[in-house]
Amino acid sequence: MHPSKNRIRRTMMFLNAHRASLVKDAYIYKPDSVIFDLEDAVSENQKDSARIQLYNTLKYSDYKGVERLVRINGKESSHWKEDIRASVAGGCDGIRIPKCEYKSDVALVEEEVRKAELEFQRPIGSTLLMAAIETPMGVINALELSQSSERIFGISIGAGDFMRTMHANRTSEGYEMLAARSQLVLAARAADIMCFDTVHTDVDDFEGLRKDTELIKNMGFDGKSVISPKQISVIHQVFTPSRQEIQMAEKTIYGVEESAKEGIGVLVVDGQMIDIAMVEGARRVLTLAKASGVYRGDL
């Protein structure tokens, strides 16, 4: 497995690839990933200069370990192949493919990525892919998309186009997104990849953002896209395990390990029945706790 496939991705911050002042030091806000946007954020007459700016940013800016993804233009445009070449040449970590509906959409991009890796002498397979699902057909085919390539590390729901194609309206409760979100997270878990939620478009609505993030975290999502640095801390707080969750995770791992030595598969910890199937979840809690800076234990 690619070493970066399962890294922590609580937040993915969109950045206009054309605006050097914005992208040059965006790592200071401490998102887990940034997505340099060549698609919606860049006007048609600025696509070429944005691509040049992207290449230079990827090549010469130190992002201090923050993952660097690129949202390319869609296959209906004349730009997507050059977007891929510039992204791979610059050394991006992965590419977000917009408006995915069929596995052939992923295969098309993957072939161009492979050619670019050969052209620019990057290791074959080093550029990961992410499928953005923004239409009803994409939602229905979420499992097909999740299994479409070894490079796929995750899928993401894009609410803007999805709401438009569904003739639906966004609400604070999120009922209109429930079916799509459920379909995506089921598909991602079945394919053993990650799943990411859409942006919260009101950048000053921190309470709404918190509720939205709590909902998708409890549904099983791994993270959420953001459009403002102001949103990052709220999302990271929601994904930070509580002290009780950390203690329970430690007890679960230690307890199962000790019981296994004695040939026991099930035990009771703090009144709760625990078995080996719960160790994976406990380790995930500790991984999130470490990323959040609230755990420095040995596990």
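Above this text is the structure in question.
If you're wondering where the values come from, they're calculated on a predicted model, not measured in any experiment.

**Student:** What is the right way to look at the packing of aromatic side chains in this model?
**Tutor:** Here a ring pair, both rings aromatic, is described through the centre-centre distance and the interplanar angle of the planes. For the coordinates displayed, the defined rule picks out three aromatic pairs. Ring geometry for Tyr27 against Tyr63: centres 5.9 Å apart, planes inclined by 70°, an arrangement best described as edge-to-face. With Tyr27 in the loop between helix 1 (20-23) and strand 2 (33-37) and Tyr63 in the loop between helix 2 (47-60) and strand 3 (67-71), the pair connects residues that are 36 residues apart, well separated along the chain. Ring centres 6.1 Å apart and planes at 65° place the aromatic pair Phe153 and Phe196 in the edge-to-face group. Highlighted residues: Phe153 in strand 6 (residues 152-157) and Phe196 in strand 7 (residues 194-197), separated in sequence by 43 residues. Each member of the pair, Phe153 as well as Phe196, is classed as buried. Members of the aromatic cluster, connected to one another through ring pairs, are Tyr27, Phe36 and Tyr63. The ring of Phe153 carries the charged tip of Arg9 above its face, separated from the ring centre by 3.9 Å.

**Student:** Which parts of the structure should I look at to understand the packing of helix 11 (residues 243-261) against helix 12 (residues 279-291)?
**Tutor:** The description of two packed helices rests on the angle between their axes and on the distance between the axes. Look at helix 11 against helix 12: their axes get within 9 Å of each other, and the N-to-C directions meet at 135°. Considering their axes alone, helix 11 and helix 12 lie oblique with respect to each other. As for how helix 11 packs across helix 12, the hand of that crossing is left-handed. Judged by residue contacts, Glu245, Ile246, Ala249, Glu250, Thr252, Ile253, Val256 and Glu257 of helix 11 engage Val279, Ala282, Arg283, Val285, Leu286 and Ala289 from helix 12.

Each value, and the rule that gives it
Residues numbered from 1 in each chain as written. Predicted model: local features only at pLDDT ≥ 70, side-chain atom pairs only at ≥ 80, totals over all residues. Heavy atoms only, no water. Phe/Tyr/Trp six-rings, centres within 6.5 Å; stacked < 30°, edge-to-face > 60°. Helix = DSSP H or I, 4+ residues; strand = E, 2+ residues; numbered from the N terminus. Buried < 20%, exposed > 50% of the residue type's maximum accessible area, 1.4 Å probe, protein only. Lys NZ or Arg CZ within 6 Å of the ring centre and 35° of its normal. Axes fitted to C-alpha atoms, helices over the stretch in contact; angles between N-to-C directions. Parallel < 35°, antiparallel > 145°, perpendicular 65-115°, else oblique. Left-handed = near helix turned anticlockwise from the far one by under 90°. Contact = heavy atoms within 4.5 Å.

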